[in-house]
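# Summary of the model geometry
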Protein chains: 2
Amino acid sequence: MSIVVVGTVAFDTITTKYGTAEGVLGGAATYFSLAASYFCPVRIIAVVGEDFGAEHEAILKKRNIDTAGIQHAKGKTFFWSGEYGANVNEATTRITDLNVFQNFNPTVPAEYRDTEFLFLANAHPKLQAQVRHEMNGARLVGGDTMNYWISNAPQELAETLKLVDVLLINDTETKLLGKESNLPRAAQNVLAMGPKALVVKHGEYGATIFFREGAFGIGRHPFRAPALPIEEVRDPTGAGDSFAGGFMGFIAAQGELNREILKRAMFFGGVMGSFAVERFGTERLQNLTRADIDARFRLFRELTHLE
Amino acid sequence: MSIVVVGTVAFDTITTKYGTAEGVLGGAATYFSLAASYFCPVRIIAVVGEDFGAEHEAILKKRNIDTAGIQHAKGKTFFWSGEYGANVNEATTRITDLNVFQNFNPTVPAEYRDTEFLFLANAHPKLQAQVRHEMNGARLVGGDTMNYWISNAPQELAETLKLVDVLLINDTETKLLGKESNLPRAAQNVLAMGPKALVVKHGEYGATIFFREGAFGIGRHPFRAPALPIEEVRDPTGAGDSFAGGFMGFIAAQGELNREILKRAMFFGGVMGSFAVERFGTERLQNLTRADIDARFRLFRELTHLE
């Protein structure tokens, strides 16, 4: 089965202690699409500017990503520049130029509409809701958000959360959204806002999925998938979106939808996040094989499972 | 097989959002002993003051902990007072009175000397080395330290690290000691200083064990055991020492010593840490059963293992 993702396509200039990458293709929808493309067909909805050329589209096309939903607008593509210091979990943003994304009005191409899986990457909750409503038949909707919308668009976000089945955010966002400093209690508060499941991403420590009682199975027990300790984190940009791509892509590729599949998807999310950070930008995500992915899945399992 | 622990016995006054506990029995050696006592016989080396009465010793005795190594000195027992805010991972210290601990000169009772397992709880590395030398026949030595000794007694600590088989510290301490911001690289640097294995405690995210090549088995792969998301963290004091007690106690109770046992011990460390934080002070650790512990071990496994 296929998945539609709506979100940013961007050019990024990224500095880490390993060097600087200038104007590389990035954006949440790009990382998500590439990561998910190893599991299922992917269809992207985004907007780009005149600086987005055939060579950039080729990166997506090579992974068989359907780019019919990419709008080409006058002006420049979303641009982000940031730097990572000693704490690789947090970037210092130097520049954010929304450019053509500022007036982005996402529309779902007719041939996308019957797609069974949908991921709403981080964007204004109104945009997310708009796409969600255009794809009312979706079987499972994943979504992301960030502190900015939690603080500045709480009502619109509350509406969007009712339309999302699985929300994927980080610890800080969960505590802010759930208005509670204890993570599992914050998670319960978030689940009460709409989502059936909440994936809390812990960066280098992995991720935890919390389930609403009765959703995808029985019980309230969470499930925690640790991340791989990685010696060479060259560029953490896009790790969370790559996690989401691996997670949602794996789910979309299954026939069923139950807790055991969601748990396994947590590991594939971690696997794709771990690949993403090994190289600048999306480089590593462009040239994987399913064998690479399965080998790393086995490694994750070995590093966390008792005999 | 038995284990000897040397470290602090203290009285703590602890404030969390759940309330305040005044002058409760604490200290690294106390938490360690109680946690380890569910797995193997424990012998404690510590110093207490005149305010340490029979009712306090009874808490240890009830768990069959050998208190022959507790020295009774004139003056007051080590006292600590601290408060936890929204971030339960970090306490704000209000008072630290070393009291009788200031002149602590640990000696190993004759009947302790042939004990096969030893844990050097956080203390001046010179004290740790002194006890270690008196127990030269120990089969496995675990140890703890903290930022203060890493920064202020680096040479003495370097000597002590050569005498420790498994070091248990947290992320910040690992990065400081290993002089490296990337965790797995910092861990390799720490292992090069002496220990055969390094357990890095991640607080609410669990812990990772790194092995020196060839130590306890083959390969350089780490192993990561996640912690349980806990809704009611009443008092995080002693979680790390309780982890160490469960970890070392489980190991001491086994006939063999290999990586699979160390991995399983990581889970039992997490289990004991998770119990410790459920009540103020050592309350929860005083009244467990092995059945409680095994049930929580199964829960940890269920929450982290794929089918």
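As a starting point, this report considers the structure included with it. (Residues numbered from 1 in each chain as written. Chains lettered and ligands numbered in written order. Predicted model: local features only at pLDDT ≥ 70, side-chain atom pairs only at ≥ 80, totals over all residues. Heavy atoms only, no water.)

### Observations regarding the layout of surface pockets
The criterion, for reference: Using a grid of 1 Å spacing that covers the protein atoms alone, one calls a set of points a cavity when a 1.4 Å probe fits there but cannot get out, and a pocket when the set is open and has protein on both sides within 12 Å along at least five of seven lines; lining residues are those with an atom within 4 Å of a point. Grid points are joined across faces, edges and corners, and a volume is the space filled by probe spheres set on the points. Elements are defined by DSSP. Helices are runs of H or I of four residues or more, strands are runs of E of two residues or more, and each kind is numbered from the N terminus. Each residue gets one of three labels, nonpolar for Ala, Val, Leu, Ile, Met, Phe, Trp, Tyr, Cys and Pro, charged for Asp, Glu, Lys and Arg, and polar for the others, Gly among them.
Here the second largest pocket defines a volume of roughly 320 Å³. Residue lining of the second largest pocket: 17 residues in total, with Leu228, Pro229, Ile230 and Glu231 of chain A together with Pro184 of chain B positioned closest to the centre. Listing elements by their share of the lining of the second largest pocket, those giving two or more residues are helix H11 (290-302) of chain A together with helix H7 (183-191) of chain B. Counted by class, the lining of the second largest pocket contains eight nonpolar, two polar and seven charged residues.

### What to know about helix H3 (residues 125-134) of chain B
Applicable threshold: The classification of residues rests on relative accessible area computed with a 1.4 Å probe and restricted to protein chains. Under 20% of the type maximum is buried, over 50% is exposed, and intermediate values are partly exposed. Whether two residues touch is decided by their heavy atoms; if any such pair falls within 4.5 Å, the residues are in contact.
Of the residues making up H3 of chain B, those classed as buried are Pro125, Leu127, Gln128, Ala129, Val131 and Arg132 of chain B. Looking at the buried side of H3 of chain B, the elements it contacts are strand E1 (3-6), strand E4 (42-48), strand E8 (117-120), strand E9 (140-143), helix H4 (147-152) and helix H5 (154-161) of chain B.

### Details of the relation of the copies chain A and chain B
Test applied: The least-squares superposition of copies is restricted to C-alpha atoms, and to residues with a pLDDT of at least 70 in both copies.
Superposition record for chain A on chain B: RMSD 0.0 Å, screw rotation 180 degrees, translation along axis 0.0 Å. Overall, the copies show the geometry of a two-fold rotation axis. Comparing interface residues between copies, 100% of those in chain A also lie at the interface in chain B; the contact surface is shared.

### A few points about the packing of helix H1 (residues 28-36) of chain B against helix H8 (residues 239-252) of chain B
Residues and elements named next belong to chain B. The condition that has to hold: Axis definition: a line fit to C-alpha positions, over the contact stretch in the case of helices; interaxial angles, taken between N-to-C directions, run 0 to 180 degrees. The labels follow the angle: roughly parallel below 35 degrees, roughly antiparallel above 145, roughly perpendicular from 65 to 115, and oblique for the rest. In this scheme the crossing of two helices becomes right-handed for a clockwise turn of the near helix relative to the far one and left-handed for an anticlockwise turn of less than a right angle.
One way to put it is that H1 packs onto H8 with a least axis distance of 7 Å and a crossing angle of 40 degrees. As summarised for this structure, H1 and H8 are arranged oblique, according to the angle between their axes. Crossing of H1 over H8 shows right-handed handedness. Contacts between H1 and H8 involve Ala28, Tyr31, Phe32, Ala35 and Ala36 from the first element and Asp241, Ser242, Ala244, Gly245, Gly246, Met248 and Gly249 from the second.

### A short note on the sheet that holds strand E5 (residues 66-72) of chain A
Residues and elements named next belong to chain A. To be explicit about the condition: A pair of strands is labelled paired if DSSP reports no fewer than 2 bridges between them.
Across the sheet, which stays open at both edges, the nine strands sit in the order E5-E4-E1-E8-E9-E10-E11-E12-E13 with mixed pairing between neighbours. Edge positions in the open sheet fall to E5 and strand E13 (223-225), since each of these has one partner strand only. This sheet shows a mean twist of 15 degrees between the axes of neighbouring strands, independent of strand direction. Contacts from helix H8 (residues 239-252) reach strand E1 (3-6), strand E8 (117-120), strand E9 (140-143), strand E10 (166-170), strand E11 (197-201) and strand E12 (207-211), with the element oriented near 170 degrees to E8.

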